[in-house]
Amino acid sequence: MPAPQALLFKQAARLKFTSFALKVPPNWKQPQGDDADHFSQAFKPEEKTSTPGMPPLFQPATLNKLHTDSQKMHIAKIGEFIDKTCEAICNAWSDWQMKTTMAGIMVNGPTASAGQIVGPPWNLTILKDGAKSTPSQLKYTNVIATVLSAAWLTYTATIKIPGLPFYPAFTAFPSPMAPPTPNVPFPVAALAQVPVSLAPPLLKTQMVAMLADPTAPFHKELFESIIDAFDKMFKVWQLSTMVTNVMGSGPVPTFAPPYVPAGPVLGGLATMAPGGLK
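Residues numbered from 1 in each chain as written. Predicted model: local features only at pLDDT ≥ 70, side-chain atom pairs only at ≥ 80, totals over all residues. Heavy atoms only, no water.

Asks: Tell me about helix α3 (residues 65-99), and please be specific about residues and values.
Replies: Between its first and last C-alpha atoms α3 spans 51 Å; for 35 residues at 1.5 Å apiece the expected length is 51 Å, and the two agree. N-cap assignment for α3: the residue whose side-chain oxygen lies 2.8 Å from the backbone N of Leu-66 is Asn-64. (Helix = DSSP H or I, 4+ residues; strand = E, 2+ residues; numbered from the N terminus. Expected span 1.5 Å × (residues − 1). Polar contact = N/O pair within 3.5 Å; in protein donor to acceptor, adjacent residues only side chain to side chain.)

Asks: Residue-level account of the sheet that holds strand β4 (residues 111-118), with values.
Replies: Backbone hydrogen bonds are what pair the strands of a sheet, in a parallel or an antiparallel way. Read across the sheet, 6 strands follow the order β5-β4-β3-β10-β9-β6 without closing on themselves; strand pairing throughout is antiparallel. Each edge of the sheet is formed by a strand with only one pairing partner; in this case those strands are β5 (161-164) and β6 (177-181). Between one strand axis and the next, the sheet turns through 15° on average, direction left out of account. Where β4 lies against β5, 3 bridges are found, and the strand directions are antiparallel. Across the sheet, Ala-112 pairs through a bridge with Leu-164, a residue of β5. (Pairing = 2+ DSSP bridges. Axes fitted to C-alpha atoms, helices over the stretch in contact; angles between N-to-C directions.)

Asks: Which residues make up the packing of α3 against helix α5 (residues 135-156), and what are the values?
Replies: Running from N to C, α3 and α5 point in directions that differ by 30°, and their axes come no closer than 11 Å. Between α3 and α5, the interaxial angle falls into the category roughly parallel. The handedness of the crossing between α3 and α5 is right-handed. Contacts between α3 and α5 involve Glu-80, Phe-81, Thr-85, Ile-89, Trp-93 and Trp-96 from the first element and Gln-137, Tyr-140, Thr-141, Ile-144, Leu-148, Trp-152 and Thr-156 from the second. Of the residues that constitute the contact of α3 with α5, the class distribution is 8 nonpolar, 4 polar and 1 charged. (Parallel < 35°, antiparallel > 145°, perpendicular 65-115°, else oblique. Left-handed = near helix turned anticlockwise from the far one by under 90°. Contact = heavy atoms within 4.5 Å. Nonpolar A, V, L, I, M, F, W, Y, C, P; charged D, E, K, R; others polar.)

Asks: Talk me through the pattern of salt bridges; I want residue IDs and the actual numbers.
Replies: This model, assessed by the stated rule, comprises 9 salt bridges. In this structure, Glu-224 and Lys-16 form a salt bridge, with 3.7 Å as the shortest nitrogen-oxygen distance. Remark: Lys-16 occurs in helix α1 (residues 6-18) and Glu-224 occurs in helix α7 (residues 219-240); sequence separation between them is 208 residues. Among the residues examined, Lys-16 registers a relative accessible area of 23% and is labelled partly exposed. As a salt-bridge pair, Lys-128 and Asp-129 come within 2.7 Å of each other at their nearest N and O atoms. Asp-129 sits in the partly exposed class, given a relative accessible area of 22%. Look at the salt bridges and you will find they share partners, linking Lys-16, Lys-204 and Glu-224 into a network. (Salt bridge = Lys/Arg side-chain N within 4 Å of Asp/Glu carboxyl O. Buried < 20%, exposed > 50% of the residue type's maximum accessible area, 1.4 Å probe, protein only.)

Asks: Describe the pairing of β4, naming the residues involved and giving the relevant values.
Replies: Across 7 bridges, strand β3 (residues 101-108) lies against β4 in antiparallel orientation. If you follow Asn-108 over to β4, its bridge partner there is Thr-111. Counted along the chain from β3 to the antiparallel partner β4, the turn is 2 residues long, and its residue Gly-109 has a positive phi close to 60°.

In structure tokens, the structure reads:
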């Protein structure tokens, strides 16, 4: 399976952001007394009740056109940021998946173990493709790119093959040397791994701390929405992405025909070239 589809990522992030039910303008209070009369007289009858924008990433404080116009503006700006950010993360993820290799895998009989994944960082692609049309957008995008890239690198460094039967034929191989042989595919979820660095609460805390601006509009909700969607996509990716084309080979020390016509591969090695994660 390729890295998560941008459309599903966007939908999940938008749904999470909508769940906060944020109102614009925030902290609106209906005018009272004379102020209420002045406010009412400032608008035409058809402006006092208008249609709110969709999808409802924000709620208007009232149905007054002043407020629904503000709501629609926020929907457009925040919606664009969410969409471009999700697209950028998916692009970085796809690029990483296509270029990632795995080496240092030990082969003994049918079993493969250890190994080390090596792939490109995400931050440059996220910064290149993410939202940055304003200084505020660039600041948010830089935070997301930096934190998520570092967390992904930390996570992938923990991935190891935990003694899986990649090579059934290597149990008893009828030759003094087993040639390069592709592995039996296994899902990423079957590998040993420690995804603590990708825990949503940790990622949000790191992003908020790096932004270091408690007055920045909607930053906590934006970070949480993107992280929540990423977490959902990640869990699907673990289960559906297969580790393939891990080419294993090695000697068969006990091969000695005609007395020992076949034996296990011992002390072999395996590597996965780019494109092995599918």
